Amino acid sequence: MKDDPDSDDRTAPAAPPIEALFPAARDNLRAACERLKIHPDVFEELKDPRETLSASLLIRMDDGSRRSFPAWRCRYNDRRGPTKGGVRFHPGVCLDEIQTLAFWMTFKCAVADLPFGGGKGGVCVDTKALSKGELERLSRAYVEAFSSFIGTDRDIMAPDMYTNGIVIAWMADEYSSITGRPSPTAITGKPLAFGGTVGRTDATARGGYYALRHLEPALAIDPDKSTVIVQGFGNVGYHCAKLLHADGYRIVGVSDSCGGIYDPAGIDPLAAMEHKHINGTVLGAKGHGKTREMSNAELLEQPCEVLVPAALERQITAQNCDRIAARIILELANGPVAPEADAALTAKGILILPDILANAGGVAVSHLEWVQNRSGFYWDSSQVRDHLKTKMETETQAIWSLRTQMEVSMREAAYIHGLKRIAESIEARGTEAFFANGGRL
Ligand code: NAD
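Computed from a predicted model, the values in this text were never measured in an experiment.

1. Description of the overall build of the chain
Scanning the chain from N- to C-terminus turns up 15 helices and 12 strands. Relative to the 2.2 N^0.38 estimate, which gives 22 Å for 441 residues, the radius of gyration of the chain is 21 Å and therefore close to what a compact globule would have. Expressed along its principal axes, the backbone C-alpha trace of the chain runs to roughly 75 × 60 × 45 Å. Relative to its 441 residues, the chain shows a buried fraction of 57%. Considering only intrachain contacts with a sequence separation of at least 6, the fraction spanning at least 24 residues in the chain is 70%. Element-wise, carbon and sulfur atoms account for 52% of the exposed surface of the chain, whose accessible area totals about 17400 Å². On the chain, the mean spot of the 50 positive side-chain charges and the mean spot of the 57 negative ones are 2 Å from each other.

2. Here we look at the nonpolar core
Among soluble globular proteins, nonpolar side chains are generally buried collectively. By size, the foremost hydrophobic cluster in this structure holds 78 residues, and its most contacted members are Phe 103, Phe 107 and Leu 419. Counting residues per element, this core draws most heavily on helix 14 (residues 410–427), which supplies nine residues. Composition of this core by domain shows at least three residues from each of domain 1 (22–184) and domain 2 (203–358). Setting aside chain neighbours within four positions, we find Leu 419 in contact with Leu 29, Ala 32, Cys 33, Leu 36, Ile 38, Val 42, Leu 46 and Phe 107. With 28 residues, the next largest nonpolar core counts Val 123, Leu 138, Tyr 175 and Ile 187 among its residues.

3. Considerations on the domain arrangement of the chain
Here the domain parsing of the chain yields domain 1 (22–184) and domain 2 (203–358). A C-alpha centroid distance of 26 Å is found between domain 1 and domain 2. Listed per partner, the contact involves 14 residues of domain 1 and 11 residues of domain 2. With both chains or domains summed, domain 1 and domain 2 bury close to 940 Å², and 60% of this area falls on carbon and sulfur atoms. Looking only at domain 1, the three residues that lose the most surface to domain 2 are Trp 104, Lys 108 and Val 111, adding up to 45% of its buried area. With a closest N to O distance of 2.7 Å, Glu 313 and Arg 88 form a salt bridge. For the interface between domain 1 and domain 2, the tally reads three residue pairs in polar contact (both at pLDDT 80 or more). Where the side of domain 1 that touches domain 2 is concerned, the elements lending two or more residues are strand 3 (83–90) and helix 3 (95–111). For the side of domain 1 that touches domain 2, the element with the most residues is helix 3, which contributes six residues. Counted by class, the side of domain 1 that touches domain 2 contains seven nonpolar, one polar and six charged residues.

4. Describing helix 13 (residues 381–406)
Relative to the 38 Å expected for 26 residues at 1.5 Å per residue, helix 13 spans 37 Å between its end C-alpha atoms, a close match to the ideal helical length. Of the positions making up helix 13, those classed as buried are Val 384, Leu 388, Lys 391, Met 392, Glu 395, Thr 396, Ile 399, Trp 400 and Leu 402. Positive phi shows up at Glu 407, right after helix 13, with a value of about 55°.

5. Some words on the confidence of the model for the chain
Predicted confidence across the chain gives a mean pLDDT of 93, with 95% of residues reaching 70 or more. Across residues 1–18, where pLDDT falls below 50, the model places 54 contacts with residues more than four positions away in sequence or in other chains.

6. Here's the deal with the sheet that holds strand 8 (residues 259–262)
Within the open sheet, the seven strands sit side by side as 9-8-7-6-10-11-12. Their pairing is mixed. Either end of the sheet is taken by a strand with one partner, and the two such strands are strand 9 (292–294) and strand 12 (351–353). Taken over all neighbouring pairs, the strand axes of this sheet differ in orientation by 20° on average, direction set aside.

Thresholds, definitions, all that
Residues numbered from 1 in each chain as written. Predicted model: local features only at pLDDT ≥ 70, side-chain atom pairs only at ≥ 80, totals over all residues. Heavy atoms only, no water. Helix = DSSP H or I, 4+ residues; strand = E, 2+ residues; numbered from the N terminus. Rg over C-alpha atoms; globule rule 2.2 N^0.38 Å. Buried < 20%, exposed > 50% of the residue type's maximum accessible area, 1.4 Å probe, protein only. Contact = heavy atoms within 4.5 Å. Areas by Shrake-Rupley, 256 points an atom, 1.4 Å probe, with all protein chains shown as cover. Lys, Arg positive; Asp, Glu negative; His and termini not counted. Charge placed at Lys NZ, Arg CZ, Asp CG, Glu CD. Core = buried A, V, L, I, M, F, W, Y, C linked by side-chain atoms within 4.5 Å. Domains from an automatic or database assignment. Buried area = accessible area lost by both parts, 1.4 Å probe. Salt bridge = Lys/Arg side-chain N within 4 Å of Asp/Glu carboxyl O. Polar contact = N/O pair within 3.5 Å; in protein donor to acceptor, adjacent residues only side chain to side chain. Nonpolar A, V, L, I, M, F, W, Y, C, P; charged D, E, K, R; others polar. Expected span 1.5 Å × (residues − 1). pLDDT = per-residue confidence, 0-100. Pairing = 2+ DSSP bridges. Axes fitted to C-alpha atoms, helices over the stretch in contact; angles between N-to-C directions.

Printed below as a string of structure tokens:
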């Protein structure tokens with residue numbers, strides 16, 4: 001936001017590459033279907049989104065002019081429950097990205113065993129070029145445009161990149177005005193005072209942290225001897241750095257859309273965030289030793305034990321994967337590793353904890369918010385954390401075991417794990433054998 005001193009960094013982030021994401025997502029689906037020898041009906045149903053709505057959001061700017069912003073909402077698949085997914089405000093948002101993110105949400109919700117299908121929404125906009133008033137009008141216009149598409153039992157929205165608590169509060173408020181009653185369950189990630197849950201702010205990072213911590217013995221990780229680089233020092237990246245730092249990991253690099261800082265002697269994430277609040281970027285923040293500034297691309301290639309991409313899709317591609325010097329990649333962003341890089345990194349022995357597992361903590365706690373809103377009974381933070389920890393450990397262990405049994409990568413194992421659950425819900429409505437047999441069981 002242009003007049004908000006506490007807002008994120010000043011310059012507009014680079015738009016993601018225009019190369020389509022969806023064909024690769026469909027390849028992952030096809031591979032998992034083949035591996036499981038699943039009925040072709042399942043692939044047929046999952047290969048395309050169920051429905052996508054597009055709209056132009058026309059808002060009044062502060063100078064009196066009107067501007068229109070392209071927007072989308074996709075409900076990818078709802079066999080396991082109402083669709084669920086965030087709303088992204090970013091200049092790189094396009095239909096391909098939204099449909100792919102909705103596809104990933106479908107698998108993520110299944111991996112986390114939540115009673116949700118997958119959805120996603122977004123607006124192609126650079127929020128840093130808007131005033132607070134313009135951002136509020138845009139957020140409300142989004143809900144107005146999609147109000148008949150979303151809803152408690154149909155499609156539940158949540159935050160994503162550049163949609164923070166206040167944006168979500170405006171959206172929830174707008175939806176309640178349209179429905180004529182308080183309707184907190186159609187949108188999660190709300191501020192606490194507006195029916196949010198404790199533990200949502202750091203839930204995505206915490207979920208990834210629990211997954212990594214669960215695998216520390218299997219991966220022979222000693223936190224006190226391990227270094228970490230975080231790309232994308234926003235909500236998810238910051239909280240991840242903070243949690244790992246508190247456990248003894250040394251944070252040696254962090255970045256945002258303006259660039260990165262690297263310091264082998266270590267960086268205190270709290271101090272780096274304080275600097276970012278004041279200056280709008282991590283650039284200029286100091287670590288404990290000789291801190292160097294570098295580009296995002298360079299930072300990704302510095303040696304570390306754990307690399308945490310927590311910004312955008314396709315940050316590690318065929319172009320730079322040879323130079324990645326991490327032992328483990330914890331994918332807190334969605335789709336940060338391109339498919340061609342995925343295979344090369346796995347062949348090199350780098351272990352990737354895939355996005356549909358690693359960042360599932362956010363939607364898992366969003367589910368708890370939805371449950372609490374529906375029951376009117378609110379949990380304390382230890383209940384929320386215990387539930388998240390158990391869920392992340394259970395699903396991480398299941399995927400780790402599948403990886404070993406089937407001799408596949410963690411990503412393939414995660415897709416197989418999620419697909420089994422989605423396929424069961426599709427088959428529960430009747431299989432080909434059932435119908436070919438005259439409807440007898
Ligand atoms: P955010 O807006 O809070 O932070 C994003 C950060 O990334 C900002 O610091 C921004 O400066 C930085 N950034 C933008 N472009 C960059 C670039 N090219 N290189 C490096 N940094 C860049 O967003 P967030 O909520 O932290 O989301 C981050 C990622 O995590 C996204 O991929 C999102 O889809 C994913 N994710 C978020 C949640 C959630 O609960 N927020 C849940 C699941 C997945």
